[in-house]
Amino acid sequence: MLYRVIFLLVLINCAGPGNNIILRNSQKSYVELNDLYKACKGKGKIDSFGEIKGKLSFSFMSQRDSTFIVFNDIIGRKALLLWVTSNIITARDLIKNKQYDYDQIKYMFPIMHTIEPNDLTRLVWGIQPESRGNQKRSESRKKNKSKINYVRDKLAGEKRSLVGAKFYNKESNQGVNIEITSRDMQSEPINMKKVWKLLKY
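Residues numbered from 1 in each chain as written. Predicted model: local features only at pLDDT ≥ 70, side-chain atom pairs only at ≥ 80, totals over all residues. Heavy atoms only, no water.

Trainee: How do you make sense of the environment of Met-61 when you look at a structure like this?
Mentor: Take Met-61: it is sitting in strand S2 (residues 54-63). When the C-alpha atoms of Met-61 and Lys-41 are compared, they prove to be 4.3 Å apart, with 20 residues separating the residues in sequence. Apart from the residues within four sequence positions on either side, Met-61 is in contact with Cys-40, Lys-41, Ser-66, Thr-67, Phe-68, Ile-190, Met-192 and Val-195. (Helix = DSSP H or I, 4+ residues; strand = E, 2+ residues; numbered from the N terminus. Contact = heavy atoms within 4.5 Å.)

Trainee: What is the right way to look at the pairing of strand S5 (residues 89-93) in this model?
Mentor: The side chains of a regular strand alternate between both faces of the sheet. Here S5 lies mainly inside the structure; 5 of its 5 residues are buried. On S5, burial covers both faces: Ile-89, Ala-91 and Asp-93 on one face and Thr-90 and Arg-92 on the other are all buried. In this sheet, S5 lies alongside strand S4 (residues 78-84) in antiparallel orientation, the contact comprising 5 bridges. Along S5, the bridge assignment pairs Leu-82 with Ala-91. Hairpin geometry of S4 and S5 is characterised by an intervening segment of 4 residues between the two adjacent antiparallel strands. (Buried < 20%, exposed > 50% of the residue type's maximum accessible area, 1.4 Å probe, protein only. Pairing = 2+ DSSP bridges.)

Trainee: Looking at this structure, how should I read helix H4 (residues 117-125)?
Mentor: The α-helix advances 3.6 residues per turn, and as a result positions three or four apart in sequence lie on the same side. Taking burial as the measure, the 9 residues of H4 include 8 buried ones, the bulk of the element. Every buried residue of H4 is accounted for by Pro-117, Asp-119, Leu-120, Thr-121, Arg-122, Leu-123, Val-124 and Trp-125. Trailing H4 by a residue or two, Gly-126 shows a phi angle of about 90°, which is positive.

Trainee: Sorry if this is basic, but what is going on with the sheet that holds strand S3 (residues 66-72) here?
Mentor: Backbone-to-backbone hydrogen bonds pair the strands of a sheet. The strands run either parallel or antiparallel. Strand order in this open sheet of 9 strands is S6-S5-S4-S3-S2-S1-S9-S8-S7, and the pairing throughout is antiparallel. Edge positions in the open sheet fall to strand S6 (98-100) and strand S7 (146-155), since each of these has one partner strand only. Going from strand to strand, the sheet's axes swing by 20° on average, the running direction of each strand aside. (Axes fitted to C-alpha atoms, helices over the stretch in contact; angles between N-to-C directions.)

What follows is the structure in structure tokens.
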């Protein structure tokens, strides 16, 4: 289960019902969103293909530079918890009762060297990670023959909201599609300490 979910991470909304929703064209920056909202919650699903196949649903909550993701298996059980900060990722497999630190995750999945943890937080907020001209990252992606495409569509009152990402590794013939199905910006802060305790034995 851990392999199926972490593989996704290589890639890895706020309007209510009504007929008078005005779709926005402009895309706010990550800093602007953090100034406007205290937190972000949502749901999504992933589909992996290649040697590792499977579908999982997930829910997320994010505040500042921290993101907590819960992956559920096909029968609805909580299968994997993922805690992301600005420079660290921690995972706990609830089925096997095992915990993995960032170094272990990167060792098992070298592709994780090509993205930063805070890129995952940007994705759930609907912000496309910046290239930042990172030559080392670009060279790593070429070496691993990996490719990431982002998907935009109408969501949360925006015409071209970031709603998904697609990852494909040519060398391993592995790929993962992620789709954000809902995103709800929060005006009140979330008690992240409460969910952090779920990762501790």
